[in-house]
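Examining the three-dimensional arrangement
The residues making up each chain are set out below.
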Amino acid sequence: VISGVIAGTGGYLPARSVSNDELAAEKHLDTTDAWIVERTGIRRRHFAADGETASSMGIAACQAALAQAGASVADVDAVIVATATPDSAFPSTAARIQGGLGVTRGFAFDLSAACTGFIYALSVADAMIRTGQARGVLVVGTEVYSRILDWSDRGTCVLFGDGAGAVFVVAEEGSTRGLLSTHLHSDGRHGDILQVDGGAGSTGGTGVVRMAGREVFKHAVTKLAAAVDEALAANGLGHDDVAWLVPHQANIRIIEAMGRKLHLGLDRVVVTVDRHANTSAASIPLALAEATRDGRIKPGDLVLMEAIGGGLTWGAALARF
Ligand code: ACO
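All of these numbers come straight from a predicted model, not from anything done at the bench.

1. Examining the UniProt feature "active site" (unreviewed entry) in the chain
UniProt tags Cys115, His248 and Asn278 as "active site" (unreviewed entry). Across 164 residues of sequence, these annotated residues stay compact in space, with a maximum C-alpha separation of 8.7 Å. For Cys115, the location among the structural elements is in the loop between β5 (107-111) and α5 (117-130). Judged by the 32 C-beta atoms lying within 10 Å of it, Cys115 is buried. Those residues within four positions of Cys115 in sequence are excluded, and the remaining contacts are His248, Ala250, Ser280, Ala281, Ala307, Ile308, Gly309 and Gly310. Relative to the helices and strands, Asn278 resides in the loop between α9 (273-276) and α10 (283-293).

Now the structure itself:
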C-alpha cells in the first residue's frame, strides 16, 4: 500500500507586517483595533511588496519545504498550486513555480477552490501518489489578497493578508504515517455569499472580494463541524486521537468553535490568524510550517486540517506526521 507522507513544510511571509491601527490610518478606514480583534482575532497581516507575486512567494515556500524534507528539485514530480490570485491566467502559477525552482520534468497545474484550495490540492496529490502517477508532489497555497480587496469596504479589507505555504508530499510503501483521508465538498448554490466579482473571463475587470460575513459564518460553523466528524469517523478515530487541529485561519471565533466541538483546548490548535489574518489557501500550510519548526507538531502526531471558502467549498484532511 502506498501512502502520501508530508515530508516537509515551508512558509513565506512578505517582510511588511501591518497592524490594525496602521491599516486603518493608511487606508482611511472607519474602524478600530478593538473592533477587529474582538470580531476576528486579527491583529496584524503581511502585505506583499511591489513585484512580489503568488509565484515568487510560492517558490520561497517550496524551497523551505524541500529543505525541511531533505529533498531536492530532482525529487519533484508535480507541483499543484491552490490560489485565487494567480500571477496570470496562464502560464499557471504552478508552472511558474516549477520553472522558478528549476524543475525540468513532471507536470504542474493550478486549482481553484478559494480558501479550501490547500485541502483540495492535498487530496489531488494524495490520489496521484496512491495511483502511482507521482512520487514527490509540492502542494502549495499562495495568495496576494491585498490586490483583490476593496479598500472602501471595511467589512472585508481588514480580514485578509498575503503569504505562501507549501508541503512536500512523498510516496512511502507500507508506512504508518501519511495522509489518512481527505474529504471534499462544495455547494455552488451559495456562490454569491463569498466571491470575487470579476476575473480573467469577466467583462468587469479583475474584481474584488465581496462577502456576506454573517451568512458565511453560519455555514462555516455547521459545515466544518460535519467535515471533521466525517474525517474522524472514516478512520474510526475520535477527538482524543487528534494531537493538533490545524484549521484554515479566517476568524478566531470559528477556530474556537471548532476547538470546542472537538474538545480541544486552544493549546492543541495551531493559531496564526492573529499575525497573518486570512491568507486563504496559504493559511493551513503556513500554520503547518510554523508548528513543525517550533516543535509543536512532532513525528507520529495525528493532525486534523479543515477549511471553508468561496464556492462554497469546504473539506477536511487527516494526516499522521
Ligand atoms: N470596523 C468597524 N465596524 C465594522 C467593520 C469594521 N472593520 N466591518 C463591519 N463593521 C460594521 C458593519 O458596518 C455593521 O454596522 P451597522 O450595524 O451599522 O450596519 C456592523 O459592524 C456589523 O456588521 P456585520 O458584518 O454584521 O458584523 P459581524 O459581527 O458579522 O462581523 C465579520 C463581521 C467579522 C466579517 C463576521 O461576519 C465573520 O467573521 N464572518 C465570517 C467571515 C469569514 O470568516 N470569512 C472567511 C471564511 S472563507 C474565506 O476564508 C474566504
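Once the structure has been displayed, the description carries forward.
2. Quick notes on the UniProt feature "domain: Beta-ketoacyl-[acyl-carrier-protein] synthase III N-terminal" (unreviewed entry) in the chain
Residues given the UniProt feature "domain: Beta-ketoacyl-[acyl-carrier-protein] synthase III N-terminal" (unreviewed entry) here are residues 109-188. Between the end C-alpha atoms of residues 109-188 there is a gap of 23 Å, over a span that is 22% helix and 41% strand.

3. Here's the deal with the domain arrangement of the chain
When its domains are assigned, the chain resolves into domain 1 (2-173) and domain 2 (178-320). Each partner contributes residues to the interface: domain 1 has 49 residues there, and domain 2 has 45 residues. Listing elements by their share of the side of domain 1 that touches domain 2, those giving two or more residues are β1 (2-12), β3 (44-47), α5, β6 (136-144), α6 (154-157) and β7 (162-173). Looking at side-chain class alone, the side of domain 1 that touches domain 2 contains 22 nonpolar, 19 polar and 8 charged residues.

4. Describing the site of the ligand
Taken together, 25 residues lie near the ligand, and Thr31, Cys115, Gly213, Phe217 and Ala250 sit nearest. Those elements giving two or more residues to the shell around the ligand turn out to be α2 (33-40), α6, α7 (213-234) and β12 (302-309). A total of 5 residues in the shell around the ligand trace back to one element, the largest contributor, which is α7. Considered class by class, the residues forming the shell around the ligand number 13 nonpolar, 9 polar and 3 charged. Two domains share the shell around the ligand, each providing at least three of its residues, namely domain 1 (2-173) and domain 2 (178-320).

5. Observations concerning the sheet that holds strand β13 (residues 313-320)
Strands in a sheet are paired, the pairing made by backbone hydrogen bonds, and the direction either parallel or antiparallel. With respect to topology, 4 strands assemble into an open sheet ordered β8-β13-β12-β11, the strand pairing being mixed. In the strand order of this sheet, the two ends are held by β8 (178-186) and β11 (244-247), each with one partner. Pairs of neighbouring strands in the sheet enclose a mean axial angle of 15°, with direction left out of account. Where β12 meets β13, 8 bridges bridge the pair, whose relative direction is antiparallel. In the sheet register, Ala307 faces β13, and the bridge partner there is Gly315. Its contacts with the sheet place α5 against β8, β12 and β13, and it is angled at close to 125° to β8. Here α7 sits on the sheet and contacts β8, β12 and β13; the angle it forms with β13, its principal contact strand, is near 35°.

6. What about the packing of α7 against helix α8 (residues 252-261)?
Running from N to C, α7 and α8 point in directions that differ by 35°, and their axes come no closer than 10 Å. Regarding α7 and α8, the two cross each other, and that crossing is right-handed. Here α7 contributes Phe217, Ala220, Val221, Leu224, Ala225 and Val228 to the contact with α8, which in turn contributes Ile254, Ala257, Met258 and Lys261. Of the residues belonging to the contact of α7 with α8, the class tally is 9 nonpolar, no polar and 1 charged.

7. Notes on the nonpolar core
In this structure, Val79, Val139 and Val140 are the most contacted members of the largest nonpolar core, which totals 107 residues. Of the residues forming this core, the biggest block, 10 residues, is contributed by helix α3 (residues 54-69). When residues of this core are assigned to domains, at least three fall in each of domain 1 (2-173) and domain 2 (178-320). Ignoring any residue separated from it by four or fewer positions in sequence, one finds Val140 in contact with Gly58, Ala61, Cys62, Val79, Ile80, Val81, Ala82, Ile97, Ala164 and Ala166.

8. Structural notes on helix α4 (residues 93-101)
Regarding α4, the residues found buried are Thr93, Ala94, Arg96, Ile97 and Gln98. Close packing links the buried residues of α4 with α3, β4 (78-82), β5 and β6. Note on α4: the residue one or two positions beyond its end, Gly102, has a positive phi of about 90°.

The rules behind these values
- Residues numbered from 1 in each chain as written.
- Predicted model: local features only at pLDDT ≥ 70, side-chain atom pairs only at ≥ 80, totals over all residues.
- UniProt positions renumbered as here; feature names shortened; annotations may be inferred.
- Helix = DSSP H or I, 4+ residues; strand = E, 2+ residues; numbered from the N terminus.
- Buried ≥ 20, exposed ≤ 12 C-beta atoms within 10 Å, placed from the backbone.
- Contact = placed C-beta atoms within 7 Å.
- Domains from an automatic or database assignment.
- Nonpolar A, V, L, I, M, F, W, Y, C, P; charged D, E, K, R; others polar.
- Near = placed C-beta within 6 Å.
- Pairing = 2+ DSSP bridges.
- Axes fitted to C-alpha atoms, helices over the stretch in contact; angles between N-to-C directions.
- Left-handed = near helix turned anticlockwise from the far one by under 90°.
- Core = buried A, V, L, I, M, F, W, Y, C linked by C-beta atoms within 7 Å.

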